[in-house]
Amino acid sequence: MGKTQEIGNSGEAFVAEYLKGKGYIISAKNYRTRFGEIDVIAENNDEILFVEVKTRKENSYVRPYEYVNKEKQRKIFVTASIYLQNNGFGLSPRFDVAEVFVGLNGSMRLNYFENAFGADFNENF
């Protein structure tokens with residue numbers, strides 16, 4: 001496993017712990033289909049969250065959320081639709097983006113964006 005993948009995995013684990021602390025149950029990590037991947041899927045009694053996690057070093061020139069462009073959103077949406085079909089959830093879906101910044105000392109900082117995309121997404125299909 002390369003250094004970049006290790007940083008990504010640690011960011012995803014950090015976000016999963018954050019969501020557990022908010023009362024969510026982690027249903028899946030790195031859920032893959034031929035259309036795309038969802039980093040973290042979490043649920044509570046009302047919602048199911050599809051979370052894209054972007055982890056970068058603290059001194060990164062580009063904000064991590066900027067990598068979640070329309071094409072990436074489309075892939076997440078299609079993959080989430082497949083997950084919902086296969087798992088039969090009756091929960092309201094929400095699409096979030098989590099930015100994780102890793103400091104030089106290994107510390108992590110989180111910016112979490114709820115409802116980052118999705119409400120208007122059906123118009124694109």
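As the structure is a computational prediction, the values presented were derived from the model and not from experiment.

On inspection of all chains with the given rule, the structure shows 10 salt bridges. In this structure, the salt-bridge partner of Glu37 is Arg32, at a minimum N-O distance of 3.6 Å. Here Arg32 falls in the exposed class, since its relative accessible area comes to 57%. As a salt-bridge pair, Glu114 and Arg94 come within 3.7 Å of each other at their nearest N and O atoms. Here Glu114, found in strand β5 (residues 108–117), pairs with Arg94, found in strand β4 (residues 92–102); they are 20 residues apart in sequence, far enough to count as distant. For Arg94, a relative accessible area of 5% gives the class buried. In the salt-bridge network here, residues are joined through shared partners; they are Glu47, Arg94, Asp96 and Glu114.

A word on the side chain of Gln73. Within the secondary structure layout, Gln73 lies in helix α2 (residues 70–87). In this structure the side chain of Gln73 is engaged in a polar contact, spanning 3.1 Å, whose partner is the backbone oxygen of Val68.

On to a nonpolar patch on the surface, then. A cluster of nonpolar residues, Tyr61, Val62 and Tyr67, forms a patch on the protein surface that exposes about 370 Å² of accessible area. Residue position: Tyr61 is located in the loop between β3 (47–57) and α2.

Next up on the list: α2. Here α2 contains 18 residues, and its C-alpha end-to-end distance of 25 Å stays within 8% of the 26 Å for a straight helix at 1.5 Å per residue. Regarding α2, the residues found buried are Gln73, Ile76, Phe77, Val78, Thr79, Ala80 and Tyr83. Against the buried residues of α2 lie β1 (25–32), β2 (37–43), β3, β4 and β5. Two to three positions downstream of the cap, the backbone nitrogen of Glu71 sits 3.2 Å from a side-chain oxygen, assigning the N-cap of α2 to Asn69.

Further remarks concern the packing of aromatic side chains. Going through the model one piece at a time under the given rule, you end up with 7 aromatic pairs. Between Tyr31 and Tyr83, the aromatic rings sit 4.8 Å apart at their centres with planes inclined by 85 degrees, giving edge-to-face as the arrangement. In this pair, Tyr31 sits in strand β1 while Tyr83 sits in helix α2, placing the two residues 52 residues apart along the sequence. Summarising the burial analysis for this pair, Tyr31 and Tyr83 share the class buried. Plain terms: the ring middles of Phe77 and Phe95 are 5.6 Å apart, the flat faces sit at 40 degrees to each other, and that makes the pair tilted.

Before going further, it helps to spend a moment on the sheet that holds β4. Strand order across the open sheet formed by 5 strands is β1-β2-β3-β4-β5, with mixed pairing between neighbours. The strands lining the two open edges of the sheet, one partner per strand, are β1 and β5. Going across the sheet, the axis of each strand differs from the next one's by a mean of 25 degrees, ignoring polarity. Sheet topology note: the β3/β4 ladder contains 11 bridges and is parallel. Bridge pairing links Glu47 to Ser92 in β4. Contacts between α2 and the sheet are confined to β1, β2, β3, β4 and β5, with β3 contributing the most and set at about 140 degrees to the helix.

Reading the values: the criteria
Residues numbered from 1 in each chain as written. Predicted model: local features only at pLDDT ≥ 70, side-chain atom pairs only at ≥ 80, totals over all residues. Heavy atoms only, no water. Salt bridge = Lys/Arg side-chain N within 4 Å of Asp/Glu carboxyl O. Buried < 20%, exposed > 50% of the residue type's maximum accessible area, 1.4 Å probe, protein only. Helix = DSSP H or I, 4+ residues; strand = E, 2+ residues; numbered from the N terminus. Polar contact = N/O pair within 3.5 Å; in protein donor to acceptor, adjacent residues only side chain to side chain. Patch = residues over 30% accessible without salt bridge, like charges linked within 9 Å, V, L, I, M, F, W, Y side chains within 5 Å. Areas by Shrake-Rupley, 256 points an atom, 1.4 Å probe, with all protein chains shown as cover. Expected span 1.5 Å × (residues − 1). Contact = heavy atoms within 4.5 Å. Phe/Tyr/Trp six-rings, centres within 6.5 Å; stacked < 30°, edge-to-face > 60°. Pairing = 2+ DSSP bridges. Axes fitted to C-alpha atoms, helices over the stretch in contact; angles between N-to-C directions.

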